[in-house]
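# Residue-level structural notes
What follows is each chain in one-letter form.
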Amino acid sequence: MLLALLGFACLSIGDAVVKSMAGEWPGTAISALRYLFGMVGLGIGLAVTHGRRGFRMPQPLVQIGRGLAMTIASLGFFLAVQRMPLADATSIQFTSPILTAILSALLLRERAPAAAWGATALAFVGVLIVLQPNVLTLGPAALLPLIAAFGMAMLLTFNRMAAGSASVLTMQFLVAATATPMLLAIAVAGHLSGAAMFHVPQPDWSIVLRCLVVAATGTLSHLLLYVATTRASAAVTAPMVYVQLFVATTIGFVWFGDAPDWTTLLGGALTIAAGLWLWHSQRDPVAGGVPD
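Residues numbered from 1 in each chain as written. Predicted model: local features only at pLDDT ≥ 70, side-chain atom pairs only at ≥ 80, totals over all residues. Heavy atoms only, no water.

## Section: helix α8 (residues 168–193)
If you check α8, its first and last C-alpha atoms are 38 Å apart, about what 26 residues at 1.5 Å a residue would give, namely 38 Å. T180 marks where α8 bends most, by close to 25 degrees; the proline P181 follows one to four residues later. G194, located one to two residues past α8, shows a positive phi value of around 90 degrees. (Helix = DSSP H or I, 4+ residues; strand = E, 2+ residues; numbered from the N terminus. Expected span 1.5 Å × (residues − 1). Bend = angle between axes of the 7 residues up to and from the residue.)

Printed below as a string of structure tokens:
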């Protein structure tokens, strides 16, 4: 759970860097360059530590599924944070634990403990309060983080399916290697479409540097999330995503001047309570968790 907590926190740092590029470079191109950097860096590390055997692909269909899930999650959220406040986009994406619990039950036959469902429901109530009065006021852009949430839920579920089939470094390389061609194809198609929002101008050095920072924080995040889902069920680790609300709110206030109101604070308090509830349940076998 701690690994998942740290992993999701790192994601918000990268999301803030992505938001800083709004109007300078499209989210499609940022996603493609971020994962290209990640693939190259992970490939070098894999070659040094594992040699040629590190590049084998176990469970090819599952690996392709992981890449597709990452493509959906990355594109959905990178486009979202460029069109709405960081905290709003993050909050809407908090439907991912609900979706993860459903997918893990359908595909993995996993049953989350009662405390996990209760904590997820409580945290989701907190998200709804933050989104006052209604996500419909955000217009069609509200669908982007929902799409990202579905992608993240798919990723966590596929991670669980792939657990133990290869080393952690290999698994991280494979998700980047399968997602990068998809993202590059989407970025090129968007540019050729002629749509202004997908036009890819030549980037200056600051854009490239920021994409490199996003790649570093994102790679570390997904490494932590993968390890987390190999040690606990996807439905249990997914609610840790709620830490992103606090990181995103803090960064939004300090960096972008978006001061949180009382509804954000109330919703945040509920998500903290949910996280503590879930943490306590995992320490108490009677409550459905695992022994210390």
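From this point, the discussion proceeds with the structure in view.
## Here's the deal with the packing of aromatic side chains
Under the defined criterion, the tally for this structure stands at 2 aromatic pairs. Geometrically, the ring pair formed by F55 and F173 is edge-to-face, given 5.1 Å between the ring centres and 85 degrees between the ring planes. Of this pair, F55 sits in the loop between α2 (27–50) and α3 (60–81) while F173 sits in helix α8; the two residues are 118 residues apart in sequence, bridging distant segments of the chain. Residue classification places F55 among the partly exposed positions, given a relative accessible area of 35%. For the pair W255 and F256, a centre-to-centre distance of 5.2 Å together with 10 degrees between the ring planes defines the contact as stacked. (Phe/Tyr/Trp six-rings, centres within 6.5 Å; stacked < 30°, edge-to-face > 60°. Buried < 20%, exposed > 50% of the residue type's maximum accessible area, 1.4 Å probe, protein only.)

## Overview of the side chain of T90
Take T90: it is sitting in helix α4 (residues 86–92). A distance of 2.8 Å separates the side chain of T90 from the backbone oxygen of L86, its partner in a polar contact. Beyond its immediate stretch of four places on either side in the chain, T90 contacts F77, Q244, L245 and A248. (Polar contact = N/O pair within 3.5 Å; in protein donor to acceptor, adjacent residues only side chain to side chain. Contact = heavy atoms within 4.5 Å.)

## Some remarks on a nonpolar patch on the surface
Where nonpolar side chains cluster on the molecular surface, the patch consists of L36, V40, I44, V48 and L184 and spans about 430 Å² of accessible area. Tallying contributions element by element places α2 first for the nonpolar patch, with 4 residues. Relative to the elements of secondary structure, I44 occurs in helix α2. For I44, a relative accessible area of 52% corresponds to the exposed category. (Patch = residues over 30% accessible without salt bridge, like charges linked within 9 Å, V, L, I, M, F, W, Y side chains within 5 Å. Areas by Shrake-Rupley, 256 points an atom, 1.4 Å probe, with all protein chains shown as cover. Salt bridge = Lys/Arg side-chain N within 4 Å of Asp/Glu carboxyl O.)

## A look at the packing of α2 against α3
For any two helices packed against each other, the geometry is given by the interaxial angle and the distance between the axes. With their axes 8 Å apart at the nearest point, α2 and α3 run at an angle of 135 degrees to one another. As the angle between them shows, α2 and α3 are arranged oblique. Note on packing geometry: the crossing formed by α2 with α3 is right-handed. Across the interface between the two elements, G27, T28, I30, S31 and Y35 from α2 touch M70, S74, L75, F78 and L79 from α3. In terms of residue class, the contact of α2 with α3 is made up of 6 nonpolar, 4 polar and no charged. (Axes fitted to C-alpha atoms, helices over the stretch in contact; angles between N-to-C directions. Parallel < 35°, antiparallel > 145°, perpendicular 65-115°, else oblique. Left-handed = near helix turned anticlockwise from the far one by under 90°. Nonpolar A, V, L, I, M, F, W, Y, C, P; charged D, E, K, R; others polar.)

## Observations regarding the pattern of salt bridges
The full count for this structure, using the stated rule, is 1 salt bridge. Note that R210 and E24 form a salt bridge whose closest N and O atoms lie 3.0 Å from each other. Of the two residues, R210 sits in helix α9 (residues 205–231) while E24 sits in the loop between α1 (2–19) and α2, which places them 186 residues apart along the sequence. Owing to a relative accessible area of 37%, E24 belongs among the partly exposed residues under this scheme.

## Quick look at empty space enclosed by the protein
Under the definition given, this model contains 2 cavities of 30 Å³ or more. A volume near 200 Å³ is recorded for the largest cavity. In terms of residue count, the dominant contributor to the lining of the largest cavity is α3 (5 residues). Taken together, the residues of the lining of the largest cavity sort by class into 10 nonpolar, 7 polar and 2 charged. Here the second largest cavity is characterised by a volume of approximately 50 Å³. (1 Å grid on protein atoms, 1.4 Å probe; cavity = no way out; pocket = protein on both sides within 12 Å on 5 of 7 lines; lining within 4 Å. Points joined across faces, edges and corners; volume = space filled by probe spheres on them.)

What is shown is where atoms sit, not what they do.
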